[in-house]
Amino acid sequence: MLVLSRKKNESIVINNDIKIVVVEIRGDKVRLGVEAPREVPVHRREVYDAIKKSLESGDAPVDA
């Protein structure tokens, strides 16, 4: 795992087309902005896990 320190309004770039920006830092919470092409799915971890679980069990897809 790569661990980086970033300040508000600083960013990281992944694979030339995904940008993660530190939008706000408030107490122990950090708000991140994600800029990615439309064809790249971006989900919070709990949503990703629900989608994965739904697909594995053969249920209808979870709307995200």
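Residues numbered from 1 in each chain as written. Predicted model: local features only at pLDDT ≥ 70, side-chain atom pairs only at ≥ 80, totals over all residues. Heavy atoms only, no water.

1. Quick word on helix 1 (residues 45-57)
Which entries qualify depends on this criterion: To qualify as a helix, a DSSP run of H or I must reach at least 4 residues; to qualify as a strand, a run of E must reach at least 2; elements of each kind are numbered from the N terminus. Every helix has an expected span of 1.5 Å times one less than the residues it contains. Summary of the burial criterion: residues with accessible area below 20% of their type's maximum are buried, those above 50% are exposed, and those between are partly exposed, where the area comes from a 1.4 Å probe applied to protein chains only. Working definition: the arc comes from the directions between the helix axis and the C-beta atoms, pointing outward to the latter.
Under the 1.5 Å per step criterion, the end-to-end length of helix 1 is 18 Å for 13 residues, consistent within 8% with the ideal 18 Å. For helix 1, the set of buried residues is V47, I51 and S54. For helix 1, the buried positions fall inside an angular range of 65 degrees around the axis, keeping them on one side. Residues of helix 1 that are exposed and angled more than 90 degrees away from the buried face: R45, K53 and E56. Just past helix 1, the residue G58 takes up positive phi, approximately 80 degrees.

2. Brief notes about the pairing of strand 3 (residues 29-35)
Spelled out, the test is: The criterion for strand pairing is that DSSP finds at least two bridges linking the strands in question.
Here strand 2 (residues 18-26) pairs with strand 3 via seven bridges, running antiparallel. Each bridged residue has a counterpart across the sheet, and for V21 the counterpart in strand 3 is G33. In textbook terms, the turn of a hairpin is the stretch between consecutive antiparallel strands, and for strand 2 and strand 3 this stretch comprises two residues, one of which, G27, has a positive phi near 65 degrees.

3. Here's the deal with the pattern of salt bridges
Spelled out, the test is: A pairing counts as a salt bridge when a side-chain nitrogen of Lys or Arg comes within 4 Å of a carboxyl oxygen of Asp or Glu.
As enumerated under the stated definition, the model contains five salt bridges in all. The partner of E24 in a salt bridge is R26, with the nearest N and O atoms 2.6 Å apart. A relative accessible area of 59% means that R26 is categorised as exposed. Between R44 and E46 there is a salt bridge, and its shortest N-O distance comes to 2.7 Å.

4. Considering a nonpolar patch on the surface
How we decide: Patch membership requires over 30% relative accessible area and the absence of a salt bridge. Like charges are linked within 9 Å, and nonpolar side chains (Val, Leu, Ile, Met, Phe, Trp, Tyr) within 5 Å. Note on areas: Shrake-Rupley, 1.4 Å probe, and residue coverage restricted to the protein chains presented here.
Where nonpolar side chains cluster on the molecular surface, the patch consists of I25, V30 and L32 and spans about 280 Å² of accessible area. On the secondary structure map, I25 appears in strand 2. The class of I25 is partly exposed, set by a relative accessible area of 47%.

So far we have only geometry, and geometry alone does not tell us how the molecule works.
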